[in-house]
Amino acid sequence: MSTSQPTSNIAPIPAEFAEIAPYDDSQYREKLRSLVSEPGFEHAVRYVLPEVDYPAFTQELLEVTNQDEFQHRVMGPFLEMLVKTTTAGLSCDGLENYRPDHSYTLITNHRDIVLDASFLNLCFIRNSLPLTQVAIGNNLLIYEWIADLVKINRSFIVKRDVRMTEALRAAAQLSAYIHWVIGERHESVWIAQREGRAKDSNDLTQESLVKMLGLAPGKNIKENLLGAHLLPVSISYEYDPNDYLKAREFLLRRRDPHFKKSQRDDLFSMETGLLKYKGRVHMRLGRCIDPELAAFPSDNRLEVVRHTCKLIDRAIHCGYELFPGNYIAYDAVTGGTRFADRYTADDRRVFADYINAQLDKVEADDITAEEREYMRGMMLTMYANPVKNQLAAAQTC
């Protein structure tokens, strides 16, 4: 089932990328041995897989020799288990746009910290297509063993919260690495369209991300973006397990504009997204935007960036898979019945019960009736915004 090139033909990682790049196959066995001896890793495995025979599990891990084997022998079955136990099915279309003989920057909306890229790669495993490297922010690498785990798992590091004097250098390094992976390693990469998840599901591409991808010496920004081969992907979850945590964050920021999440909050979001119910999940791959970007008549840097963002946003918005809850939320937020033919009375009851059950999970001091209704409104907005964005994009889809 492997789709990777033979190890001997893979370009070695240049030294200037070593701190952010995934571990190469020569480091694999050493890093795995270190990882399985970490108490924190064992605790996480036993939490996620309560019936696991940990010694047998670690023995199987230690038999893995490279990244591709880890993906297919370890991550593939693990993700299939998550699909079976936490979703009503994972589906994907548009795979004809992902050519195995090309390399792309797959750029997606961002719903789940861990599973967005993982489920996309599972779709590729199922269809014997090349897997991607995955961008992950260093703010999530709370423990050293987590950094080792993600770098074993084909992830490269995006430096967050660096000082202003280091930000440009970090962006240039990240851009150069992505272009090197695509151009020299002939592998695709995954990156979210923005730093962090859109709390209200209003998915818009950050200009700073496009500017980063356009960095490279000797070429203009359009040529550099064309070299990244941007391929938008729409990710749709019927239910977001973190919706109530996002509503809680909206409430706490409303109470205190300076509220900041803790590392524990990030860990709990990761855990919730992994293990709680998501309903149906759908991935839709759009077309690479190279032809439309190449035809754009301007080479002005800001105009190119904004046009690129519009192309990505349009593709993602057009590609949403919408569920009854999205239409119910849209009608509730707008106070109309525009999409009443897209859901039944039973759908409305199920969705209302779901929202109430999620609101009951919110932990905060002395929540008033007014604050609960505020959070309900924010949750409905989360589910309504994909409909709103698809309607706005419909004429250009």
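The model shown is predicted, which means the values in this text are computed figures rather than measured ones. (Residues numbered from 1 in each chain as written. Predicted model: local features only at pLDDT ≥ 70, side-chain atom pairs only at ≥ 80, totals over all residues. Heavy atoms only, no water.)

Draft legend 1. Looking closely at the sheet that holds strand E3 (residues 132-137). With mixed pairing, the seven strands of this open sheet are ordered in space as E1-E7-E6-E2-E5-E3-E4. Where the open sheet ends on each side, the last strands, each with one partner, are strand E1 (90-93) and strand E4 (155-158). For this sheet, the mean inter-axis angle between neighbouring strands, taken without regard to orientation, is 25 degrees. Across three bridges, the pairing between E3 and strand E5 (residues 188-192) is parallel. For Gln 133, the partnering residue across the bridge sits in E5 and is Val 189. (Pairing = 2+ DSSP bridges. Helix = DSSP H or I, 4+ residues; strand = E, 2+ residues; numbered from the N terminus. Axes fitted to C-alpha atoms, helices over the stretch in contact; angles between N-to-C directions.)

Draft legend 2. Main features of helix H3 (residues 54-62). Taken as a whole, H3 has its buried residues at Tyr 54, Phe 57, Thr 58 and Leu 61. All buried residues of H3 fall inside an arc of 95 degrees around its axis, so they share one side. Packing partners of the buried residues in H3 comprise helix H1 (28-36), helix H2 (39-48) and helix H4 (67-86). (Buried < 20%, exposed > 50% of the residue type's maximum accessible area, 1.4 Å probe, protein only. Arc of directions from axis to C-beta. Contact = heavy atoms within 4.5 Å.)

Draft legend 3. Inspection of the packing of helix H10 (residues 243-255) against helix H16 (residues 369-393) at higher detail. Put simply, H10 and H16 touch, their axes get as near as 9 Å, and they point 125 degrees apart. Compared by their axis directions, H10 and H16 come out oblique. Seen from above, H10 lies across H16 with right-handed handedness. Residues Asp 243, Tyr 244, Lys 246, Ala 247, Arg 248, Phe 250, Leu 251, Arg 254 and Arg 255 of H10 touch H16, and the partners they reach there are Glu 370, Glu 371, Tyr 374, Met 375, Met 378, Met 379, Met 382 and Tyr 383. Here the residues of the contact of H10 with H16 sort into 10 nonpolar, no polar and seven charged. (Parallel < 35°, antiparallel > 145°, perpendicular 65-115°, else oblique. Left-handed = near helix turned anticlockwise from the far one by under 90°. Nonpolar A, V, L, I, M, F, W, Y, C, P; charged D, E, K, R; others polar.)

Draft legend 4. Spatial organisation of the nonpolar core. In this structure, Phe 41, Phe 70, Leu 106, Phe 119, Phe 124, Ile 178 and Leu 285 are the most contacted members of the largest nonpolar core, which totals 116 residues. Setting aside anything within four residues of it in sequence, one finds Phe 41 in contact with Leu 35, Val 36, Tyr 54, Phe 57, Leu 61, Trp 145 and Leu 149. (Core = buried A, V, L, I, M, F, W, Y, C linked by side-chain atoms within 4.5 Å.)

Draft legend 5. Representation of the pattern of salt bridges. Per the stated rule, a full pass over the model turns up 27 salt bridges. One salt bridge connects Arg 253 with Glu 249, and the closest N-O pair in it is separated by 2.9 Å. With Arg 253 and Glu 249 both in helix H10 and four residues apart, the pair spans about one turn of that helix. According to the relative accessible area criterion, Arg 253 is partly exposed, its value standing at 37%. Look at Glu 249 and you get buried, because its relative accessible area is 7%. (Salt bridge = Lys/Arg side-chain N within 4 Å of Asp/Glu carboxyl O.)

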